[in-house]
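Residue-level listing of the chains:
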Amino acid sequence: MTLALSINGRIRQVQAGLSDTLLTVLRDQLLLTAAKRGCNQGVCGACTVLIDGRPQRACLSLAANCEGAAITTLEGLQRDASMARLQKAFAATGAVQCGFCTPGVLVSAHALLSHNADPRTDEIRAGLSGNLCRCSGYRKIVDAVAEAAKEAKP
Amino acid sequence: MSATAKAVGAALPRAEVREKVEGRAQYIADLYRPGMLHGAVLGSPHAHARIKRYDTSEALAVPGVHAVLTGDDFGDHRMGAFVKDEHAIAKGKVRYVGEPVAAVAAETEAAAKLAARLVSVEYEELPAILSPEAALAPDAAIIHEDVASYFKVFDTGSTANVCSRTSLTEGDAAAWDRCDVIVEGRFATQPQAHVSLEPCGALAEPDATGRVTLWSANQSVFRVQANVSESLGLPMAQLRCLTPRVGAGFGNKMEPHIQPIAVKLALATGRPVKLILTREEDFEIVRARHPFKLRVRTGALKDGTLVAREVEVLLDGGAYADDSPGVLGYSLFMSPGPYRFRYMKASGTLVYTNKLRFGAFRGFGNPQVSFAGEQQIDEIAARLGLDPLAVREKSMLRPGDKWFGGAEVGSNGLEECIARVKAASGWAKRAELEPSAPGRKRAMAAACTAHISGLLATGAIVRMLEDGSIVLNTGAVDIGQGSDTALTQICAEALKVPIERVRLASPDTDGSPYNWGTTASRVTYTTGRAVVAAALEVEKQIKQHASEMLECDAADLELRPGGRVGIVGVPDKAVSFFEVSARAHWARGGPIIGHNSLVFEKPSVDPKRAIAVGLPFPQIGAFAFGALVVDIEIDETTGKIEVKRAWSAADVGRAINPLAVEGQLEGAFVQGMGLALNEEMVWDGPRLANPTLMDYKVPTTLDSPHEIHSIIVEAPEPDGPFGAKGVGEIGINVVPAAIANAAAIALGKRFNALPLTPERVLRAMLGK
Amino acid sequence: MSVPGFHRPKSVEDAARLLAETDGARCLSGGATLVAMMNASLAEPKAIVSLAGIPELAGIAELANGGFRIGAMTRHAATAGDARLAGTLAVLRDAARQIANPVVRNMGTIGGSIGFADPAADYPPALVAANAEVEIANAAGRRRVAARDFFVDWYTTACGPGEFVTGVYLPPPRPGAGLYKKLARVSGDFAIASVALSAAKDANGVSIRIAVGGCGPRPIRADAADALLSAKFGDAAAAAAAGEALAAAADPVDDVRASAEYRRLVIPRLVAETVAHARAALEAR
């Protein structure tokens, strides 16, 4: 059945059944594939998107329950200055290896910096604790977020 | 990067990083084809059973279903890296819970999954063999009745549930008589799941001639081709295998997962079929790190000099051999660690059980044998009242020493690795470390390791395009570790061109030279060698053209930074690569293409020094070395261990990209920490009890120390590309051993089993 | 209503009526539990009643008596960040802060969490230690149940068919301390064992409520433990005895997180540590 979802600032018409998640709709219908299906249980964080400005799991969000919410995926943050600083820092510090977790990590990091512009290392670690990465050991990811925060300072 | 900057040794960002940070990188699940169907599999509910009959009628009645396949639809073709014992899908028997018994292709993923559940299979249950000891019992049920007749890469007499045996012996057993101290113990390690963030998947698309294009998450596009070909009985040339971005591997994507099933579904329907495993299926049916049972004995003189060691391994290979014979052989080969022993004997038996196959996982058996061996060195040091790193330094392999069995060791930076971790960690003052809070115990400990990088065949093609830019094609799969970047840097360095002028082609069995795979810490070293050699071919051709253009002898020419070639000592006599390539394309000689292929050829064993039976890798590789110091705290209330800091040094020959090298060491450390402290696949009877990320936990940011200090040591490998060796695995090998050594110092108790959970530690503390 | 079977009522009464009338309907709060189960084919509801559109279920309201009502749809992040939950009620904030991770705390709700009643979850023992009451609605109206009676068994609450949690009532905070100690395999995991403790301190002395999570079918408590600790809060022997009483009351099982035996071993130790920290917190006030 047709749903109207607000995605990256546009209203998109999608087809969804009762059990279809936001993640399935984003990926299979809208081909917005930055959000990944790593576990479909809300644990890994690879599907993290912003729902009404807060990072949430697309895999745990029923599409039908997202009507009326503003959904932002990594694709929708390409012109965002804070995201641009994060992307640059992730590249420069070697925070990206396989990259599968990266979109979710970036969305979480973006949310972290939006309410804490100058996080300490332990705050970054806590802020990203819902995003698993199996490649990096996290150190360079945490360093990259700190670098992006530093970059934002006047 | 400026034209004059060096490419090799530069901490450059990943070549493909932009698409990854923008969310544009395409992994297997991100691919969609017109008319594409979705696949799903049904897993066996039994660990061991005979399949009596199938009923697919209900599944076929589900709207949108195009094909339902069972073992009856597959021919009797078997695949396997060492033993050809595995069908593409269960046929006749099932041998572990979750083993695919039926597959469906349907219009939607939901319909495919629903239909798969509706396939009815009638089984005759057989006794499930759930431990290697049970497999060896005289009256044990036989898992592979035809094991003796299976094709094997090497055959050491497979009988009953024994898949293979390996032994390697060097020196005189009389050395035991000289030992002043002998420590002996039994050790057990647990199965670990890879948990690549990306679950395995494949997309197969047939064309009108029956040729199939197969994209899949893999570590070797050529192993995919070989395995699909073998298990479906298709000529290799009928398959074109491709690799999109891969969301990490760590070993679980080296050999097949469900690629053959995806191909069969595509051929049956004539439509593209995408089959992506769920996380649960990825846990249950791909592969996992081997649980080891070890008996290890190490002897030393009273001054700490290591003298003799014996290692005996009983290896649970799971239901199919997969890479198990390799893991067994490699673990035995590495079991002395990087030390001189007068006598060394290592032997092992690999058995089948009714669990999922155990296979390649970063370290490839080395972490398990190191867990035992590196603890015994600390035990010896403790008994003798010596500094455990001093004991290691006394007996470490020195430059020129050969490996166990007689393999030549080209370069050896172990001494510097140890010196560097000692200096960085404040090793000399380790006894003065204070716990961060009351109720905690703190300790620092170390361990050392070596690892090979090498093995088997690889190739490289370097092509100069008309404008003088370069396309490098190696067939090597970058699984996230950064080989695309490293190989690009090597190529740019060899041709003295800016890195932006070199681009890497994606692995494609139609167009890429053979590459055995991204495994064995081998791509930078082996493929890098081929890239350097192929670039040299290109250089020769460039110089030939330039000598004709500049009217000079080719021997008087040099490559100049920025893509030019000129006469030595005459700065203004030069032509650009563009001019050279244009001439080649349009006037003389034809396009410039350099290629090289090689297979690692140095012998693993010198038959005059050692006796080897069933050693799977007769030509193995170059040796890298490493040393690790960890600083841990133990919560006395609960027994929970926290790693506060770590210093991981690795002799990588030459760091082609230091940022990527650090990334390998840091990531390997945390993965090893998971193995050491918490991760364990647990079976509840025949069924995996924790095949989800809810129940199987990997370290998060908050569980991982921020202070993981990577220390790069460079002892150039004589034949490595710019001296480089591999770094993919060495950082994981001794993480469990070093942590166990620290726990032993903190608590005065030795741990012979992994993982060091709060439960195991608290029980040891309390003697319960 | 554009997706058949999906309902998003605007009032508790409408939700209760829909749940009662609709065959196979499940209540959807934050989704962290129900949708995860649906994705794993462990739940296949024929209809879903989303509570997201009911204004009264969102947020934390201060009551006339100085206590609080936490609406069922209040996210863990909101509970964790509400500074009004102080003194004895800090136990709830402390527990909320330790649930899963920041992203899941933006989704998961207190109603959804306690409605699922995983005894290894963080809220159940914290609510017991906070002496909270759970409000339950059905088609006929609403009722309140003490938290200690709400959790009945493994994944079983006092909610009957067609009933759902609408909120949690907290008594007025008393001066003192509230804390929640969790032992988990990794950060954000469910508890191997956890201890929730509230300590009220006034001129008459100290009053303690303590409950243990992850060690049985529901939060573990023992009158003897509360009494011992209340009588002799500064006394290590009393803390040890309270820990033993709670360990004796526990009914743990072996699971992938730890064995039952380990849990019995660790309960008194965690209790002693929690009591010591609470004592330090009281002294620091």
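Residues numbered from 1 in each chain as written. Chains lettered and ligands numbered in written order. Predicted model: local features only at pLDDT ≥ 70, side-chain atom pairs only at ≥ 80, totals over all residues.

## Here we look at the overall build of chain A
Here comes step 1: Helix and strand counts for chain A stand at five helices and five strands.
Here comes step 2: Each helix (α) and strand (β) of chain A, taken in turn from the N terminus, gives the series β-β-α-β-β-β-α-α-α-α.
Here comes step 3: Relative to the compact-globule value of 15 Å for 154 residues, chain A shows a C-alpha radius of gyration of 15 Å, a close match.
Here comes step 4: Dimensions of chain A, computed from C-alpha atoms along their principal axes, come out at roughly 45 × 30 × 20 Å.
Here comes step 5: Within chain A, buried positions represent 66% of all 154 residues. (Helix = DSSP H or I, 4+ residues; strand = E, 2+ residues; numbered from the N terminus. Rg over C-alpha atoms; globule rule 2.2 N^0.38 Å. Buried ≥ 20, exposed ≤ 12 C-beta atoms within 10 Å, placed from the backbone.)

## A look at the interface of chain A and chain C
Here comes step 1: Every contact between the two is made by 27 residues of chain A and, on the other side, 25 residues of chain C.
Here comes step 2: Tallying contributions element by element places strand β4 (residues 54-57) of chain A first for the side of chain A that touches chain C, with four residues.
Here comes step 3: In terms of residue class, the side of chain A that touches chain C is built from nine nonpolar, 16 polar and two charged. (Contact = placed C-beta atoms within 7 Å. Nonpolar A, V, L, I, M, F, W, Y, C, P; charged D, E, K, R; others polar.)

## Things to note about the environment of Asp155(B)
Here comes step 1: Along the polypeptide, Asp155(B) turns up in the loop between α4 (132-136) and β7 (162-171).
Here comes step 2: Along the primary structure Asp155(B) and Thr166(B) are separated by eleven residues, whereas in three dimensions their C-alpha atoms are 10.0 Å apart.

## Some thoughts on helix α4 (residues 90-97) of chain C
Residues and elements named next belong to chain C.
Here comes step 1: Most of α4 sits out of view: seven of its eight residues are buried.
Here comes step 2: Among the residues of α4, Ala-90, Val-91, Leu-92, Arg-93, Asp-94, Ala-95 and Ala-96 are the ones counted as buried.
Here comes step 3: Where α4 is buried, its residues meet α3 (76-80), α7 (123-129), β10 (164-170), β11 (176-183) and β12 (193-202).

## Topic: the domain arrangement of chain A
Residues and elements named next belong to chain A.
Here comes step 1: The assigned domain composition of chain A is domain 1 (2-76) and domain 2 (79-152).
Here comes step 2: Between the C-alpha centres of domain 1 and domain 2 there is a distance of 21 Å.
Here comes step 3: Listed as interface residues are 14 residues of domain 1 and, on the opposing side, eleven residues of domain 2.
Here comes step 4: Broken down by secondary-structure element, the contributors of at least two residues to the side of domain 1 that touches domain 2 are β3 (48-51) and β4.
Here comes step 5: With three residues, β3 is the single largest residue contributor to the side of domain 1 that touches domain 2.
Here comes step 6: For the side of domain 1 that touches domain 2, a count of residues per class yields nine nonpolar, three polar and two charged. (Domains from an automatic or database assignment.)

## A look at the packing of helix α2 (residues 81-93) of chain A against helix α3 (residues 102-115) of chain A
All names here are of chain A.
Here comes step 1: Where α2 contacts α3, the axes come no closer than 10 Å and their chain directions differ by 130°. Relative to α3, the element α2 is oriented oblique. In this structure, α2 crosses over α3, and the sense of that crossing is right-handed. On α3, the residues touching Ser-82, Met-83, Leu-86, Gln-87 and Phe-90 of α2 are Thr-102, Leu-106, Ala-109, His-110, Leu-113 and Ser-114.
Here comes step 2: Across the contact of α2 with α3, the residue classes tally to six nonpolar, five polar and no charged. (Axes fitted to C-alpha atoms, helices over the stretch in contact; angles between N-to-C directions. Parallel < 35°, antiparallel > 145°, perpendicular 65-115°, else oblique. Left-handed = near helix turned anticlockwise from the far one by under 90°.)

## What to know about unusual backbone geometry
Here comes step 1: A cis amide bond links Leu754(B) to the next residue, Pro755(B), at an omega of -10°.
Here comes step 2: With respect to the element layout, Pro755(B) can be found in the loop between α16 (735-747) and α17 (758-766).
Here comes step 3: Here the phi dihedral of Phe364(B) falls at roughly 55°; this positive angle occurs in a residue that is not glycine.
Here comes step 4: Relative to the assigned elements, Phe364(B) resides in the loop between β15 (343-351) and α9 (366-384).
Here comes step 5: A positive phi angle, near 45°, is found at Ala100(C), a position not held by glycine.
Here comes step 6: Among the structural elements, Ala100(C) can be located in the loop between α4 and α5 (102-105).
Here comes step 7: Taking the C-beta count within 10 Å as the criterion, Ala100(C) has 23 such neighbours and is therefore assigned buried.

## Quick look at the nonpolar core
Here comes step 1: Counting residues in each nonpolar core, the largest one holds 413 residues, and the members touching the most others are Val104(B), Ala115(B), Cys491(B), Leu628(B), Ile739(B) and Val91(C).
Here comes step 2: With eleven residues, the top contributor of residues to this core is helix α15 (residues 658-677) of chain B.
Here comes step 3: Every residue in contact with Ile739(B), bar those within four places of it in the chain, is listed here: Val630(B), Ile632(B), Ile641(B), Val643(B), Ala676(B), Leu677(B) and Leu756(B). (Core = buried A, V, L, I, M, F, W, Y, C linked by C-beta atoms within 7 Å.)

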